[in-house]
Amino acid sequence: MTAVWGLARATSVALVGMEATPVEVEAWMGSGLPRTCMVGLPDAALTQAKERVRAAVLSAGYSWPPQVLTINLLPATLPKTGSHYDLGIAAAVLSAQGLVDPASLRGLLLFGELGLDGRIHGVRGVFPALLGASRLGITRAVVPANQVGEAGLVEGIEVRGAATLKDLVDVLRGGPGVEGVQSEAIRRGDGPSGDLSDVMGLPQAKWALEVAAAGRHHLYFHGPPGVGKTMLASCLPTILPDLSANEAMEVAAIHSLMGAGVDHLPVRPPFADPHHCASLASLVGGGARVARPGAVSLAHRGVLFLDEAPEFSTQALESLRTPLEAGEIVLGRSEASVRYPARFQLVLAANPCPCGLAATPRSVCHCSPMSIRRYAARISGPILDRIDIRAPIQPIRTSLLAKAGKEEASRVVAGRVAEARERQSRRLRDTPWTTNAELPGPYVRSLPPPDGVDVLERAVTAGLLSHRGVDKVIRVAWTIADLMGADRVGADHVRVALSMRQGEEIA
Ligand SMILES: [Zn+2]
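Residues numbered from 1 in each chain as written. Predicted model: local features only at pLDDT ≥ 70, side-chain atom pairs only at ≥ 80, totals over all residues. Heavy atoms only, no water.

Caption draft 1: Expanded view of the confidence of the model for the chain. Scored by pLDDT, the chain has a mean of 86; 90% of the residues are at 70 or more. Within the chain, helix α16 (residues 398–403) has the poorest average pLDDT of any element, 57, and strand β14 (residues 303–306) the best, 96. (pLDDT = per-residue confidence, 0-100. Helix = DSSP H or I, 4+ residues; strand = E, 2+ residues; numbered from the N terminus.)

Caption draft 2: Examining the coordination of the zinc ion more closely. Around the zinc ion, the protein contributes the donor atoms C353 (SG), C355 (SG), C365 (SG) and C367 (SG), which lie 2.2 to 2.3 Å from the metal centre. Here the zinc ion is ringed by four donor atoms whose angles at the metal span 105 to 113 degrees, and the overall shape comes out tetrahedral. In the primary sequence, the donor residues of the zinc ion line up as C-x1-C-x9-C-x1-C. Taken together, the residues C353 in the loop between β17 (345–350) and α14 (369–376) and C367 in the loop between β17 and α14 connect sequence positions 14 residues apart. For C353, a relative accessible area of 0% corresponds to the buried category. (Donors = N, O, S within 2.8 Å, 3.2 Å for Na, K, Ca; no water. Tetrahedral: all angles 85-135°; square planar, octahedral: opposite > 155°, others 65-115°. Buried < 20%, exposed > 50% of the residue type's maximum accessible area, 1.4 Å probe, protein only.)

Caption draft 3: Seen up close, the side chain of D388. Assignment of secondary structure puts D388 in strand β18 (residues 387–392). D388 gets classed as buried once you look at its relative accessible area, which sits at 3%. Among the polar contacts listed, one links the side chain of D388 to the side chain of K472, at a separation of 3.4 Å. (Polar contact = N/O pair within 3.5 Å; in protein donor to acceptor, adjacent residues only side chain to side chain.)

Caption draft 4: Representation of the sheet that holds β17 in the model. Taken together, five strands build an open sheet; the order of strands is β11-β14-β17-β10-β18 and the sheet is parallel. Edge positions in the open sheet fall to β11 (271–272) and β18, since each of these has one partner strand only. When strand β10 (residues 218–222) meets β18, the two strands line up parallel, connected through five bridges. Following the sheet pairing, H222 is matched in β18 by P392. Most of the contacts of helix α7 (residues 203–215) go to β10, to which it runs at about 165 degrees, and overall it touches β10, β17 and β18. (Pairing = 2+ DSSP bridges. Contact = heavy atoms within 4.5 Å. Axes fitted to C-alpha atoms, helices over the stretch in contact; angles between N-to-C directions.)

Caption draft 5: A look at unusual backbone geometry. Cis geometry is adopted by the peptide bond preceding P75, which originates at L74 and carries an omega value of -5 degrees. Its place among the elements puts P75 in the loop between β4 (68–74) and α3 (86–96). Residue R216 is not a glycine yet carries a positive backbone phi of 60 degrees. Among the secondary structure elements, R216 is positioned in the loop between α7 and β10. Although it is not a glycine, E308 sits at a positive phi angle of roughly 50 degrees. The topology assignment puts E308 in the loop between β14 and α12 (314–318). The exposure class assigned to E308 is partly exposed, which follows from its relative accessible area of 31%.

Caption draft 6: Seen up close, the packing of α7 against helix α20 (residues 467–484). Axis separation between α7 and α20 bottoms out at 9 Å; the angle between their running directions is 95 degrees. The angle between the axes of α7 and α20 places the two elements in the roughly perpendicular class. Between α7 and α20, the residues in contact are W207, E210, V211, A214 and G215 and V476, T479, I480, L483 and M484, respectively. (Parallel < 35°, antiparallel > 145°, perpendicular 65-115°, else oblique.)

Caption draft 7: The arrangement of helix α21 (residues 491–501) in detail. In terms of burial, α21 is largely enclosed, as eight of its 11 residues are buried. The set of residues buried in α21 consists of H493, V494, V496, A497, L498, S499, M500 and R501. Elements that come into contact with the buried residues of α21 comprise α7, α15 (381–384), β18, α19 (453–461) and α20.

Caption draft 8: The packing of aromatic side chains, seen in detail. Under the defined criterion, the tally for this structure stands at two aromatic pairs. Between F271 and F305, the ring centres sit 6.1 Å apart and the planes meet at 25 degrees, which makes this aromatic pair stacked. Within this pair, whereas F271 is found in strand β11, its partner F305 is found in strand β14, the two being separated by 34 residues in sequence. Like F271, the residue F305 is buried in the burial classification. Across from the ring centre of Y62, 5.2 Å away, lies the NZ or CZ of K166, which sits over that ring. (Phe/Tyr/Trp six-rings, centres within 6.5 Å; stacked < 30°, edge-to-face > 60°. Lys NZ or Arg CZ within 6 Å of the ring centre and 35° of its normal.)

Caption draft 9: Local environment of the domain arrangement of the chain. Assigned domains of the chain: these are domain 1 (7–185), domain 2 (196–409) and domain 3 (439–507). A C-alpha centroid distance of 58 Å is found between domain 1 and domain 3. (Domains from an automatic or database assignment.)

Caption draft 10: Local environment of the environment of L94. Mapped onto the fold, L94 is located in helix α3. The buried category is assigned to L94, whose relative accessible area is 1%. As a C-alpha pair, L94 and V57 span 37 residues in sequence and 8.4 Å in three-dimensional space. Residues within four places of L94 in sequence aside, it is in contact with V57, Y62, L99, V100, L165 and V169.

Caption draft 11: Fine view of the packing of helix α17 (residues 410–427) against α20. Between α17 and α20, the shortest axis-to-axis distance is 8 Å and the interhelical angle comes to 115 degrees. Crossing angle aside, the handedness with which α17 passes α20 is right-handed. Note on element contacts: α20 touches α17 through W478, D482 and L483, opposite R416, V417, A420, R423, Q424 and R427. Considering only residue class, the contact of α17 with α20 consists of four nonpolar, one polar and four charged. (Left-handed = near helix turned anticlockwise from the far one by under 90°. Nonpolar A, V, L, I, M, F, W, Y, C, P; charged D, E, K, R; others polar.)

Caption draft 12: Main features of helix α6 (residues 165–172). The element α6 is extensively covered by neighbouring structure, given that six of its eight residues are classed as buried. Those residues of α6 not exposed but buried are L165, D167, L168, V169, V171 and L172. Looking one or two residues beyond α6, the residue adopting positive phi is G174, at roughly 100 degrees.

Caption draft 13: Seen up close, the environment of A56. Note on placement: A56 falls in helix α2 (residues 49–59). Take A56: its relative accessible area is 0%, and that puts it in the buried class. Excluding residues within four positions of it along the chain, A56 makes contact with L114, G115, L116, G118 and L165.

Caption draft 14: Fine view of the pattern of salt bridges. Throughout the structure, instances matching the rule amount to 23 salt bridges. When the shortest N-O distance is used, the salt bridge between R160 and E158 registers 3.1 Å. Owing to a relative accessible area of 28%, R160 belongs among the partly exposed residues under this scheme. Across the pair E328 and R339 runs a salt bridge whose closest N-O atoms are separated by 2.6 Å. Residue E328 is located in strand β15 (residues 328–331), and its partner R339 is located in strand β16 (residues 338–341); the two are separated by 11 residues in the primary sequence. For E328, a relative accessible area of 25% puts it in the partly exposed group. One continuous salt-bridge network, built from bridges that share partners, spans R9, E24 and E26. (Salt bridge = Lys/Arg side-chain N within 4 Å of Asp/Glu carboxyl O.)

This is the structure we're talking about:
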């Protein structure tokens with residue numbers, strides 16, 4: 001309290017979407033009747049922070065300035081939301097009173113929420129906050145003790161944990177901080193644990209899944225309930241390639257923002273399967289004050305599975321168009337729009353009719369042809385347009401099941417998928433794309449036409465295939481060629497791809 005009387009500073013960050021911006025917390029004590037005010041565009045939750053921090057400081061046995069105290073968050077123009085500024089505010093107030101050395105706060109990121117009793121609580125977004133801070137050149141941080149593991153995944157930042165405000169003061173006075181405690185509740189598996197070897201039979205549907213994985217094509221399973229659509233879809237992440245280091249960080253950041261807790265960098269692609277009753281906000285992201293990521297972002301770099309897709313509201317299905325096109329979602333808020341990545345592989349599953357029984361042998365379905373048509377039409381053209389593979393799944397007869405041999409394990413299929421991806425990235429190395437599903441129509445048409453293109457021309461003439469459909473068939477044909485280890489697309493590849501496009505049985 002020498003140079004500037006009663007002024008102290010601490011550092012935190014604001015998270016707008018995944019973007020971290022440094023925020024300076026200033027605490028200033030002046031003469032006058034005791035009063036605390038907070039400035040710098042805080043939201044309602046943050047305005048309550050002064051009461052929370054005051055109670056915590058007093059509970060922990062420290063004093064609160066008995067005069068005018070102004071807390072300012074800079075830059076003032078940046079909207080600030082959330083409770084994670086508590087630690088920064090408490091540290092600045094203690095420092096303004098001379099209770100901790102201002103030097104100990106220099107270049108130190110403080111991120112965490114205080115309880116009224118002085119305990120420090122975990123907050124959402126520790127991983128993206130520290131990742132952003134590290135890119136801003138910050139090298140030290142104090143986080144809630146139960147999030148030391150998550151914070152420690154960020155390279156280049158020395159992390160200390162604190163379970164109470166007293167622990168924080170200890171750290172600021174040169175103490176070691178609290179050992180990280182990983183709460184059981186936030187331990188998380190790495191994607192679904194199923195395996196293709198658990199799925200009996202269904203060779204054609206498994207092949208469709210393999211082609212979808214190899215070219216990263218969106219996929220549509222249709223068939224009666226209980227034939228294994230859900231189980232197959234949940235196996236897709238088990239045959240996709242591992243996440244790259246950058247992808248793993250993006251996935252971890254989203255999980256952290258969802259409050260899911262992150263104790264390791266994920267290796268396998270994520271899988272999200274929102275229910276058709278889920279709110280629009282939980283599907284695409286949103287929320288009253290803070291726009292949180294939704295299922296489309298939780299599926300980023302992995303799989304978004306919509307079971308009983310026609311049961312989703314039209315609004316929900318339409319909301320997938322933007323992320324399918326742009327690979328991200330922008331959520332508008334009054335102060336600022338928030339952007340979350342949402343580059344997922346879409347898998348839809350649908351029953352053949354509202355009751356689900358239309359396609360079963362000896363059908364007992366009483367749905368009218370009109371209601372069946374209306375049911376199928378719920379998935380609109382623009383969404384279907386993005387789906388390259390339509391795979392019917394028929395119930396397996398028990399006689400066939402009895403004869404079924406040993407099923408192939410996911411890891412074997414994943415090996416072939418990885419080789420096919422290799423071939424794609426080699427072939428596409430001079431383009432901005434890495435997988436066949438991404439290739440735009442004009443690029444596909446600029447390639448030499450494959451053998452068997454006449455089959456496609458006949459399908460177009462017969463009105464069985466649209467011109468856009470031709471591009472899709474060729475994209476899938478490329479993936480099939482890649483899976484077969486072929487250097488060019490042959491007539492057989494085109495024929496198989498065409499049958500997948502039309503959802504026919506593969507001959
Ligand atoms: Zn029916």
